[in-house]
Amino acid sequence: MIDALVFPDTREVLFDLIDGAQHLGKPVRVVYQLPADSYGALKGPFPLALVYSGGGTRGFVDQVDRATIELYAPGQQAVSTLVSISASIIGTDIDTPSGFIDSIEADITSADVPYQSDTLNKAVATFLVTSRPI
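First, a word on scope: everything that follows refers to the structure included in this document. (Residues numbered from 1 in each chain as written. Predicted model: local features only at pLDDT ≥ 70, side-chain atom pairs only at ≥ 80, totals over all residues. Heavy atoms only, no water.)

1. Side note on the pairing of strand β4 (residues 48-58)
With three bridges joining them, strand β3 (residues 29-31) and β4 adopt parallel strand pairing. Along β4, the bridge assignment pairs valine 30 with alanine 49. Between the end of β4 and the start of strand β5 (residues 63-74), which pair antiparallel, lie four residues. (Pairing = 2+ DSSP bridges. Helix = DSSP H or I, 4+ residues; strand = E, 2+ residues; numbered from the N terminus.)

2. Description of helix α1 (residues 10-18)
Along α1, the residues that are buried comprise Thr10, Val13, Leu14 and Ile18. Angularly, the buried residues of α1 cover 120° about the axis, an arc narrow enough to put them on a single face. If you check the start of α1, you find a side-chain oxygen 2.9 Å away from the backbone N of arginine 11, and it comes from aspartate 9. Glycine 20 lies just past α1 and shows a positive phi near 85°. (Buried < 20%, exposed > 50% of the residue type's maximum accessible area, 1.4 Å probe, protein only. Arc of directions from axis to C-beta. Polar contact = N/O pair within 3.5 Å; in protein donor to acceptor, adjacent residues only side chain to side chain.)

3. Examining the sheet that holds β3
Read across the sheet, six strands follow the order β3-β4-β5-β8-β7-β6 without closing on themselves; strand pairing throughout is mixed. Looking at which strands have only one partner, the edges of the open sheet turn out to be β3 and β6 (91-96). Averaged over all adjacent pairs, the angle separating strand axes in this sheet is 35°, with direction ignored. In this fold helix α2 (residues 77-89) packs onto β5, β6, β7 (99-113) and β8 (120-131), with an angle of close to 145° to the strand it touches most, β5. (Axes fitted to C-alpha atoms, helices over the stretch in contact; angles between N-to-C directions. Contact = heavy atoms within 4.5 Å.)

4. Here's the deal with the pattern of salt bridges
Within this structure, the stated rule accounts for three salt bridges. Across the salt bridge formed by arginine 66 and aspartate 107, the nearest N and O atoms sit 2.8 Å from each other. Note that arginine 66 is positioned in strand β5 and aspartate 107 in strand β7, a separation of 41 residues in sequence. The partly exposed category is assigned to arginine 66, whose relative accessible area is 37%. (Salt bridge = Lys/Arg side-chain N within 4 Å of Asp/Glu carboxyl O.)

5. A few points about unusual backbone geometry
A cis amide bond links glycine 44 to the next residue, proline 45, at an omega of 10°. With respect to the helices and strands, the residue proline 45 is situated in the loop between β3 and β4. Note that the residue after phenylalanine 46, namely proline 47, is joined by a cis bond; omega there is 5°. Along the chain, proline 47 falls in the loop between β3 and β4. Notably, leucine 24 is not glycine yet its phi reads approximately 55°, a positive angle. Assignment of secondary structure puts leucine 24 in the loop between β1 (22-23) and β2 (26-27). Leucine 24 sits in the exposed class, given a relative accessible area of 52%.

6. Section: the environment of glutamine 63
Along the chain, glutamine 63 falls in strand β5. Judged by relative accessible area, glutamine 63 falls into the buried class, the value being 11%. Glutamine 63 sits 66 residues away from valine 129 along the chain, and the two C-alpha atoms are 8.0 Å apart. Those residues in contact with glutamine 63 that sit more than four places away from it in its chain are Phe7, Thr57, Arg58, Val129, Thr130 and Ser131. Within the structure, glutamine 63 has its side chain in polar contact with the side chain of arginine 58 (distance 2.7 Å). Reaching out from glutamine 63, the side chain makes a polar contact with the side chain of aspartate 65 at a distance of 3.1 Å.

Shown next as structure tokens:
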């Protein structure tokens, strides 16, 4: 029988690092699915961060996951908040309740992207999250 390698869950690690943290004077709420009202409109409070993982690569000793953060907030606050979040999570030797991460680095830097709303903007950034088995 072969023992499977178990790595920290990238989404949970990012949740631990971001959810409830103050950025630009406001707490950021992290979700795995966007909350919507009965009309399908995005529900606040904002800023709201959607975190998801898009796969990655596994080496002999470590695994590198590609994680994306989409940030929803009014106006320029979206990209500014995501830049602040990026600065706070990028680094090495990161210990969270969900596991230890060797490093988080930017893959695609924070940028405004089109979003269909008169009041909200959307910013997106992608990160490379490197971890070893638990």
